[in-house]
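Structural overview
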Protein chains: 2
Amino acid sequence: MFEKIVEAANRLDGIAHKTPVLTSTLLDELTENHIFLKCENFQRMGAFKFRGAYNAISMLSKASRNKGVIAFSSGNHAMATALACNILHIPATVVMPADAPQVKAAAVQDYGASIITYNRLRESREQIAQELMDEFGYTLIPPFDAEPIIFGQGTVAKEFIEEVGELDYLLVPCGGGGLLSGCAISAKYLLPDCRVIGVEPAIADDATKSFKTGALQVNKTPNSIADGLNTTSLGKITFPIINNYVDDFVTVSEEEIKAAMYFLWTRLKIVVEPSGAVALAAYQKLSVKGKRIGVVASGGNVDVKTIGNLFLGI
Amino acid sequence: MFEKIVEAANRLDGIAHKTPVLTSTLLDELTENHIFLKCENFQRMGAFKFRGAYNAISMLSKASRNKGVIAFSSGNHAMATALACNILHIPATVVMPADAPQVKAAAVQDYGASIITYNRLRESREQIAQELMDEFGYTLIPPFDAEPIIFGQGTVAKEFIEEVGELDYLLVPCGGGGLLSGCAISAKYLLPDCRVIGVEPAIADDATKSFKTGALQVNKTPNSIADGLNTTSLGKITFPIINNYVDDFVTVSEEEIKAAMYFLWTRLKIVVEPSGAVALAAYQKLSVKGKRIGVVASGGNVDVKTIGNLFLGI
């Protein structure tokens, strides 16, 4: 499947940013490993999600493009879909809860997408989206469980490994598994001996349980500060890929996520969202020394006006 | 004097970070110019100050090194002196107000320096430092008004221009003028046609007034959110250099500083302190289009727990 990721990389060439890889003497000293941080917080719209959304949307037929696309998300996937459609001159509709963060709704609007709001307690976003698709012929862009999305996200690890070379470990955060499954395909193709580790918040560990039991597990009420990882389960497509290509899973506590995020903000001086700090938080669970560890910092979209509250206990 | 900056660069080679230069499609579109951001917030200890302090301290005689150094500062210069001494195995004493930010005092202590606290309202830090120098033979490391400091800071512009090449403008924040005078020497040597612009908060505009009147002006109570630029005046050494090498000064309002800082945090995803955002805030005062503008983002040391309050009005 790696050739599909190469095709995605070609589509993204000159459109998505080739994000920088940061290293830190301090981080290496503290961890006694050599840590490479792939900074997808510097990606366009602030997260890796742009890669998958753009790859999927750019593959649509002319007829589908003319009718437009629809996505439902209160977060990065909404922004990614809106930006990709803006670039490709395709009409986009995003179904967002009425109480979605104001900054994210504003970003979606800035990118020119139409927003349909709904009441999260009384209405179903799937039903609203389905009605719009039936009426207007929109194509649904799913957040993770579709091959073009997965192959787009896989370009993260491809680009990362092409820049840094050998890695002993690759740590990737896991929500619905789009980023993890795509990155695992790239890593296992380019570096067969690299151990690919999925990382989840301990209080949203459905994928870890699915991986360990071999049967898809659902967590109906995940509630981590890493809001991008609060998906209820892996997908029908991501789960088998993860089973085949991922070596292990690790979970981290909410306190460990906060501490990793605080370190990235105060010592590396980069703005990373809680989900984006989850993979770094996991290095200590490996109990290894002297290894080359790749860490995907997946995004940086937070409300900087209120984020400090998260750090008050540190 | 540029050869002194080359010597400083040699001393700093392999010790200071060669900080990255960031660019942003969005920033270029918004400003209708091509903006290059020299990210000294990614420098060791989080600000350019490390360059000057390390350069000055590494030039001390063996006898002076053995006795140790002293600095008074509540901010980045204290951290820079402490870190440089840590690397060079030289005893360091830092005189800090008792109400200095806890994070900065902790950093100074982590680097192994001794801290002498004083009451800002009742005691004089100069007198305390003088007494310690008399008793123990410490060498004072001034924050800006000394040639080795200025030449160290000048390596910022040298490195910047060597990486990006031609620049039509170079925007540099100005407090005591160490960074600005050093950068102006480098820029005028490497790019004689580049216009070097000093940038100050409008409510701490002593250097602007000194430059425009040709006579050293003092502002006894500067009180900008850009705390690193709240110096009362240029120095005896920095003022003449600035008069000779700088082309113009621009001032920015507190609101403009906040807006530039908010943009850097939310769109470029980097942690920059208010003083570090001042130069970016100034691009709009140039009223130019299609130019290559170098901007020095001088540092990133802020208390991320409380910084959000600064953005509440945006």
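All values reported here derive from a predicted model rather than from experimental measurement.

On any regular strand, side chains alternate: one points to one face of the sheet, the next to the other face. Residue and element names in this part refer to chain A. On strand β3 (residues 69–72), burial covers both faces: Val69 and Ala71 on one face and Ile70 and Phe72 on the other are all buried. Bridge count between β3 and strand β4 (residues 92–97): four bridges; the pairing is parallel. Paired with Ala71 across the two strands is Val94, which belongs to β4. For the handedness criterion, the β-α-β arrangement of β3, helix α5 (residues 76–88) and β4 is classed as right-handed. Alignment of β3 against strand β6 (residues 139–140), held across two bridges, turns out to be parallel.

What follows is about the pattern of salt bridges. Counted under the stated rule, the structure contains 25 salt bridges over all chains. Between Glu159 of chain A and Arg51 of chain A there is a salt bridge whose closest N-O contact spans 3.0 Å. Taken as a pair, Glu159 of chain A in helix α8 (residues 147–164) and Arg51 of chain A in helix α3 (residues 49–58) lie far apart in primary sequence, 108 residues in all. Take Glu159 of chain A: its relative accessible area is 14%, and that puts it in the buried class. We classify Arg51 of chain A as buried; its relative accessible area is 1%. Close ionic contact of Lys209 of chain B with Asp205 of chain B constitutes a salt bridge, the shortest N to O distance being 3.5 Å. Here the salt bridges share partners, and the residues they tie into one network are Lys38, Glu40, Arg51 and Glu159 of chain A.

What follows concerns the relation of the copies chain A and chain B. Taken as rigid bodies, chain A and chain B are interconverted by a rotation of 180 degrees and an axial shift of 0.0 Å, the fit giving an RMSD of 0.0 Å. On this basis, the relationship between the two copies can be described by a two-fold rotation axis. Residues of chain A ranked by C-alpha distance from the rotation axis are headed by Ile270 of chain A, positioned 2.2 Å from it. A shared interface surface links the copies, since 100% of the contact residues of chain A are contact residues in chain B too.

Residue and element names in this part refer to chain B. Among the structural elements, Thr19 can be located in the loop between α1 (2–12) and β1 (21–22). A residue is classified by how much of its surface remains accessible, and Thr19, at 2% relative accessible area, is buried. A distance of 2.6 Å separates polar atoms of two side chains, one belonging to Thr19 and the other to Glu40. Each residue touching Thr19, except ones within four places of it in the same chain, is listed here: Lys38, Cys39, Glu40, Phe42, Gln43, Arg51, Glu159 and Glu163.

Our next topic: the packing of helix α12 (residues 254–266) of chain A against helix α13 (residues 274–281) of chain A. Residue and element names in this part refer to chain A. One can describe the packing of α12 onto α13 by two numbers: an axis separation of 8 Å at closest approach and a directional angle of 100 degrees. Regarding the angle of α12 to α13, the classification is roughly perpendicular. Facing Glu256, Ile257, Ala260, Met261 and Leu264 of α12, the residues of α13 in contact are Pro274, Ala277, Val278, Leu280 and Ala281. Along the lines of polarity and charge, the residues of the contact of α12 with α13 split into nine nonpolar, no polar and one charged.

To continue, consider the domain arrangement of chain A. Residues and elements named next belong to chain A. In terms of domains, chain A is made up of domain 1 (2–46 + 147–310) and domain 2 (50–140). At the junction of the two partners, domain 1 supplies 23 residues and domain 2 supplies 16 residues. Surface buried jointly by domain 1 and domain 2 totals about 1,700 Å² across both partners, of which 62% is contributed by carbon and sulfur atoms. The largest share of the area that domain 1 buries against domain 2 comes from Arg11, Met45 and Pro148, three residues that together contribute 37% of it. At the boundary of domain 1 with domain 2, the tally comes to two salt bridges. Here domain 1 and domain 2 share eight residue pairs in polar contact (both at pLDDT 80 or more) between them.

Bring the parts together and some accessible area is lost; that lost area is often taken as the interface size. Chain A puts 24 residues into the contact, and the matching count from chain B is 24 residues. Interface area for chain A against chain B, summed over the two sides, is near 1,900 Å², with a carbon-plus-sulfur share of 60%. Of all residues in chain A, the largest losses of buried area upon contact with chain B belong to Lys269, Val304 and Lys305 of chain A, amounting jointly to 38% of the total for that side. Here chain A is connected to chain B by zero salt bridges. On inspection of chain A and its partner chain B, the count reaches eight residue pairs in polar contact (both at pLDDT 80 or more). Counting residues per element, the side of chain A that touches chain B draws most heavily on α12 of chain A, at three residues.

Turning next to the sheet that holds strand β10 (residues 292–297) of chain B. Residues and elements named next belong to chain B. Overall, mixed pairing links the six strands, which are arranged β1-β2-β10-β7-β8-β9 in an open sheet. Of all strands in the sheet, those bounded by a partner on one side alone are β1 and β9 (248–252). Docked against the sheet, helix α8 (residues 147–164) engages β1, β2 (34–39), β7 (169–173) and β10, running at close to 135 degrees with respect to β2.

This part takes up the nonpolar core. Trp265 and Ile270 of chain A together with Trp265 and Ile270 of chain B are the most contacted members of the largest nonpolar core, which totals 82 residues. Those residues in contact with Trp265 of chain A, other than ones at most four positions away along the chain, are Ile270, Val271, Val272, Val302, Val304, Ile307 and Phe311 of chain A together with Trp265, Val271 and Val304 of chain B.

What follows concerns the packing of aromatic side chains. One pass over the full model with this rule turns up 13 aromatic pairs over all chains. Ring centres of Phe136 of chain B and Tyr138 of chain B lie 5.4 Å apart, and the angle between their planes is 25 degrees; on these two criteria the pair is classed as stacked. Among the residues examined, Tyr138 of chain B registers a relative accessible area of 18% and is labelled buried. Taken together, the ring pairs connect Tyr262, Trp265 and Phe311 of chain A together with Tyr262, Trp265 and Phe311 of chain B into an aromatic cluster.

Attention now goes to the environment of Ala80 of chain A. Residue and element names in this part refer to chain A. Summarising the element assignment, Ala80 is placed in helix α5. The exposure class assigned to Ala80 is buried, which follows from its relative accessible area of 0%. Placed 18 residues apart in sequence, Ala80 and Ala98 show a C-alpha to C-alpha distance of 19 Å. Ignoring sequence-local partners within four residues, the contact set of Ala80 consists of Met45, Lys49, Phe50 and Ala53.

Criteria and thresholds
- Residues numbered from 1 in each chain as written.
- Chains lettered and ligands numbered in written order.
- Predicted model: local features only at pLDDT ≥ 70, side-chain atom pairs only at ≥ 80, totals over all residues.
- Heavy atoms only, no water.
- Buried < 20%, exposed > 50% of the residue type's maximum accessible area, 1.4 Å probe, protein only.
- Helix = DSSP H or I, 4+ residues; strand = E, 2+ residues; numbered from the N terminus.
- Pairing = 2+ DSSP bridges.
- Right-handed = clockwise from strand over helix to strand, strands pointing away.
- Salt bridge = Lys/Arg side-chain N within 4 Å of Asp/Glu carboxyl O.
- Least-squares fit on C-alpha atoms with pLDDT ≥ 70 in both.
- Contact = heavy atoms within 4.5 Å.
- Polar contact = N/O pair within 3.5 Å; in protein donor to acceptor, adjacent residues only side chain to side chain.
- Axes fitted to C-alpha atoms, helices over the stretch in contact; angles between N-to-C directions.
- Parallel < 35°, antiparallel > 145°, perpendicular 65-115°, else oblique.
- Nonpolar A, V, L, I, M, F, W, Y, C, P; charged D, E, K, R; others polar.
- Domains from an automatic or database assignment.
- Buried area = accessible area lost by both parts, 1.4 Å probe.
- Core = buried A, V, L, I, M, F, W, Y, C linked by side-chain atoms within 4.5 Å.
- Phe/Tyr/Trp six-rings, centres within 6.5 Å; stacked < 30°, edge-to-face > 60°.

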